[in-house]
Amino acid sequence: MTDNHETTHLSSVQLQSLRQDLQEQLEQRRRHLDGLRVQEQEGSGADGTWQELVISITAAERAVAELSQAYDRLVAGTYGRCAACQAAIPFERLKVRPLARNCIDCQRRHEAA
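Note that the coordinates shown come from a computational prediction; the quantities given were computed from them, not determined experimentally.

Cut-off values and rules
Residues numbered from 1 in each chain as written. Predicted model: local features only at pLDDT ≥ 70, side-chain atom pairs only at ≥ 80, totals over all residues. Heavy atoms only, no water. Helix = DSSP H or I, 4+ residues; strand = E, 2+ residues; numbered from the N terminus. Contact = heavy atoms within 4.5 Å. Axes fitted to C-alpha atoms, helices over the stretch in contact; angles between N-to-C directions. Parallel < 35°, antiparallel > 145°, perpendicular 65-115°, else oblique. Left-handed = near helix turned anticlockwise from the far one by under 90°. Nonpolar A, V, L, I, M, F, W, Y, C, P; charged D, E, K, R; others polar. UniProt positions renumbered as here; feature names shortened; annotations may be inferred.

*Asks:* Pulling in residues and values, what's your account of the environment of R30?
*Replies:* Residue position: R30 is located in helix 1 (residues 12-42). Here the alpha-carbon distance between R30 and A63, two residues 33 residues apart in the chain, equals 9.0 Å. If we skip the residues at most four places from it in the chain, R30 touches V64 and S68.

Structure (structure tokens):
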């Protein structure tokens, strides 16, 4: 896999740091999801925790999908650009919120709507 480096506002060191963070989070979430699926297969569904387990699996699947999409954007060279206005999302924001798809201004407008 190669990067297009369309995300020119991020240095190669920053991109590598973000890539590593995303990979680690993705691996951790996948392991968690695998553990939940084992619990689902072993469970009888008789107790009240079955519904909680299903909710946890759904949330874990969503987290894995979001992290995978972020990683795919990084590989494609579109990671770190606002989905709404295409402005550069600062490294500091991406480091804190690696799944950020919008710059702060667009995110505020989205949340206010």
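Okay, back to it.
*Asks:* Explain the packing of helix 1 against helix 2 (residues 49-76) residue by residue, including any values.
*Replies:* Contact geometry for helix 1 and helix 2: axes closest at 9 Å, N-to-C directions at 155°. On the basis of their axis angle, the class for helix 1 and helix 2 is roughly antiparallel. Seen from above, helix 1 lies across helix 2 with left-handed handedness. Residue classes in the contact of helix 1 with helix 2 are distributed as 16 nonpolar, six polar and six charged.

*Asks:* Explain the UniProt feature "domain: Zinc finger DksA/TraR C4-type" (unreviewed entry) in the chain to me, using residue names and the numbers behind them.
*Replies:* Those residues carrying the UniProt feature "domain: Zinc finger DksA/TraR C4-type" (unreviewed entry) are residues 77-111 in this numbering. Within residues 77-111, the helical portion is 40% and the strand portion 0%, while the C-alpha atoms at the span's ends are 26 Å from each other.

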